[in-house]
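Chain by chain, the residues run as shown.
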Amino acid sequence: MANNEPKKGGILRAYLNFNVLYKILIGLVIGAVAGIILAASGVTALPKWISMFGTIFTRLLKMIIIPMIVGSLVVGASSVSPANVGKVGIRVVIIYLITSAFGVIIGLVMGNVFQPHAELAQVTELAAEAAGKTADVSVWNVIAEIIPTSVLQSLVNETVLQVIFFSLIFGLCLSFMKVSENERIRTISTTMYNIFDCLAEIMMKIVSGIMQYAPIGVAVLICEVFAKNGAKVAGALATVTLACFLGYAIHIVLVYGGLLAIFKIKLGTFFKEARTPFITAFVTRSSNGTLPTTFAAAENLGVDKEVYAFSLPLGATINMDGTAIYQGVCAFFLVMSCFGRGLTMGEMGMIVLLATLASIGTAGVPGAGAIMLAMVMQGINLPIEAGSVLAGAYAMILGIDAILDMGRTALNVTGDLTCTCCIAKQLGFLKADSVLK
Ligand code: ASP
């Protein structure tokens, strides 16, 4: 009997223990090969019962978006303690947001330059549908409509920007109440914080469950894409990867190099210390997981603990420049592939806004940015619906997410360290002479 025990659930356990990102990559390859074989034998559509596995995946993703935004944004915003919001906090948050906005812009420029797209079937019929949907994206409308008239309606209609707006205010108020002098307010708001913290944790658990299912969903969705379109779509993924990595490199040189020069911090010393967190982030694909090495780098660079102990964990939660670049490139890829057109100015403005805010709500764990990409698409009125061409294109991106995530996480972490050093320098919290010009 004892001999039989390890066999029970053996395959399932082996599956669950195997690295999820490799599984998704394997799903992508299996789906692509199966799709090419089907296309070669003249089969362009999968039986309904097989397509269902892809549909289940896209529905699971849609299911998680709103509760995930609410949970992670409320917790993110309320984690900024008012005591630290003072001169350090406000500066750090502003510099984080500005660098993320630059990231999205660089991503969109990369998208426009490289025009990554896969020529997917059904373009024309969907293009007409999209043209109707996006016609009313005007900046002034968008700004005014960020404010919900009914929070419940925003949640039910999944109006992403309104949900983000309300969650941020809610979180900020909570952060002030948590340290109130009134004990009753302190107690109830701490309870409320714990509830949202728990909600965010539950959502992350669900996401990791969905990610266990992702290889199957991705395989089926990719198989459909390749069966309909043949092997020619593979080159498009290489272009997406190139556009993202070039964007990451440009961001390091222009934005970080520029900031360090402006704040008169020695580039050589900075990048020598930033190397360890950079590599750790590249390998672990988690800003949070990299925190111990980012702390050590900040310490070696002579940043006062008072600053980095606050700004680095905050950055790992809310500052995602690499993710922002990725959102810009991928949003372009999705729209171009599915609707045969580039992004409109209105959509690009909206993406800058959404992706910058989304970086606050993106958890510093592997793959979180890909879920936020689904949210950004929802925000520009092009939701990833089950069975749509968009879902197929999104699955293509998800198939190479492991590779894209390595680069974007490394950039996210380098960004946290750069901004921390600059603010510390400005406020006189940078001790070592070695990093000062
Ligand atoms: N993995 C990234 C990070 O930890 C988040 C993302 O998926 O974009 O920073």
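Look above for the structure.
Let me sum up the structure you'll find in this document. All values reported here derive from a predicted model rather than from experimental measurement. (Residues numbered from 1 in each chain as written. Predicted model: local features only at pLDDT ≥ 70, side-chain atom pairs only at ≥ 80, totals over all residues. Heavy atoms only, no water.)

## Points about unusual backbone geometry
Just so we agree on the cut-off: The way it works is that DSSP assigns letters per residue, a run of H or I at least four long becomes a helix, a run of E at least two long becomes a strand, and they are numbered from the N terminus.
Despite not being glycine, glutamine 115 shows a phi value in the positive range, around 45°. Of note in this structure, asparagine 381 is not a glycine but carries a positive phi near 65°. Assignment of secondary structure puts asparagine 381 in the loop between helix H16 (368-379) and helix H17 (389-399).

## Digging into H16
Applied cut-off: Residue count minus one, scaled by 1.5 Å, sets the expected span of a helix. With a 1.4 Å probe rolled over the protein chains alone, any residue whose accessible area is under 20% of its type maximum counts as buried; one over 50% counts as exposed, and the rest are partly exposed.
For H16, which comprises 12 residues, the first-to-last C-alpha distance of 17 Å matches the rise-based estimate of 16 Å (1.5 Å per residue) to within 8%. Along H16, 12 of the 12 residues are buried, which leaves the element largely enclosed by surrounding structure. Where H16 is concerned, the buried positions are Ala368, Gly369, Ala370, Ile371, Met372, Leu373, Ala374, Met375, Val376, Met377, Gln378 and Gly379. Downstream of H16 by one or two residues, asparagine 381 has phi in the positive range, about 65°.

## Quick notes on the environment of isoleucine 64
Our working definition: Here, residues are in contact when the closest pair of their heavy atoms is within 4.5 Å.
By the secondary structure assignment, isoleucine 64 is in helix H3 (residues 48-78). Distance from isoleucine 64 to isoleucine 210, taken between C-alpha atoms, is 9.3 Å for residues 146 residues apart in sequence. Setting aside chain neighbours within four positions, we find isoleucine 64 in contact with Met203, Ile206, Val207, Ile210 and Ile371.

## A few points about the packing of helix H13 (residues 305-318) against helix H18 (residues 401-426)
The test is simple: For every element, the axis is a line fit to its C-alpha atoms; helices are fit only across the contacting stretch, and the angle between N-to-C directions ranges from 0 to 180 degrees. Handedness of a crossing follows from how the near helix is turned relative to the far one, being left-handed for an anticlockwise turn of less than a right angle and right-handed for a clockwise one. The classification used treats Ala, Val, Leu, Ile, Met, Phe, Trp, Tyr, Cys and Pro as nonpolar, Asp, Glu, Lys and Arg as charged, and all other residues, Gly among them, as polar.
In the contact formed by H13 and H18, the axes pass within 9 Å of each other and the chain directions differ by 145°. Helix-helix and strand crossings are classified by hand; for H13 and H18 the assignment is right-handed. In contact with Val307, Tyr308, Ser311, Leu312, Gly315 and Ala316 of H13, H18 contributes Asp416, Leu417, Thr420 and Ala424. Looking at side-chain class alone, the contact of H13 with H18 contains six nonpolar, three polar and one charged residues.

## Quick notes on the pattern of salt bridges
The cut-off we apply is this: Every case where a carboxyl oxygen of Asp or Glu lies within 4 Å of a side-chain nitrogen of Lys or Arg is listed as a salt bridge.
By the definition in use, this model includes three salt bridges. A salt bridge links glutamate 347 to arginine 341; the nearest nitrogen and oxygen atoms lie 3.0 Å apart. Note on accessibility: glutamate 347 and arginine 341 belong to one class, buried. Salt-bridge contacts for arginine 408 lead to aspartate 401; the nearest nitrogen and oxygen are separated by 3.0 Å. Across the pair, aspartate 401 and arginine 408 agree in class, each one buried. One salt-bridge network, held together by shared partners, links Asp401, Asp405 and Arg408.

## As for the state of the cysteines
For the record, the criterion: Sulfur atoms of two cysteines make up a disulfide when they are within 2.5 Å.
Tallied over the full model, the rule gives zero disulfides. No disulfide involves cysteine 421; its sulfur sits 6.8 Å from that of cysteine 422, the nearest cysteine. Cysteine 421 sits in the buried class, given a relative accessible area of 2%.

## A short note on the site of the ligand
Note the threshold: Here a residue is considered near a molecule or strand provided that any single heavy atom belonging to it is located within 4 Å of it. In the analysis that follows, any N or O atom pair within 3.5 Å is treated as a polar contact, provided that within protein one partner can donate a hydrogen and the other can accept it, and provided that, for residues neighboring in sequence, both atoms belong to side chains. Residue-level accessible areas treat just the shown protein chains as cover; the underlying method is Shrake-Rupley with a 1.4 Å probe.
Lining the immediate environment of the ligand, one finds 16 residues, of which Ser287, Thr323, Gly369, Asp405 and Arg408 sit closest. Glycine 369 is positioned with one of its backbone polar atoms (N or O) 2.7 Å from an oxygen atom of the ligand. Interatomic distance of 3.0 Å between a side-chain N/O atom of threonine 409 and a nitrogen atom of the ligand. Taken by itself the ligand offers 270 Å² of open surface, and the protein chains cover 100% of this. Mapped onto the shell around the ligand, the elements with two or more residues apiece are H16 and H18. Examining the composition of the shell around the ligand, we find that four residues originate from one element, H18, more than from any other. Looking at side-chain class alone, the shell around the ligand contains five nonpolar, eight polar and three charged residues.

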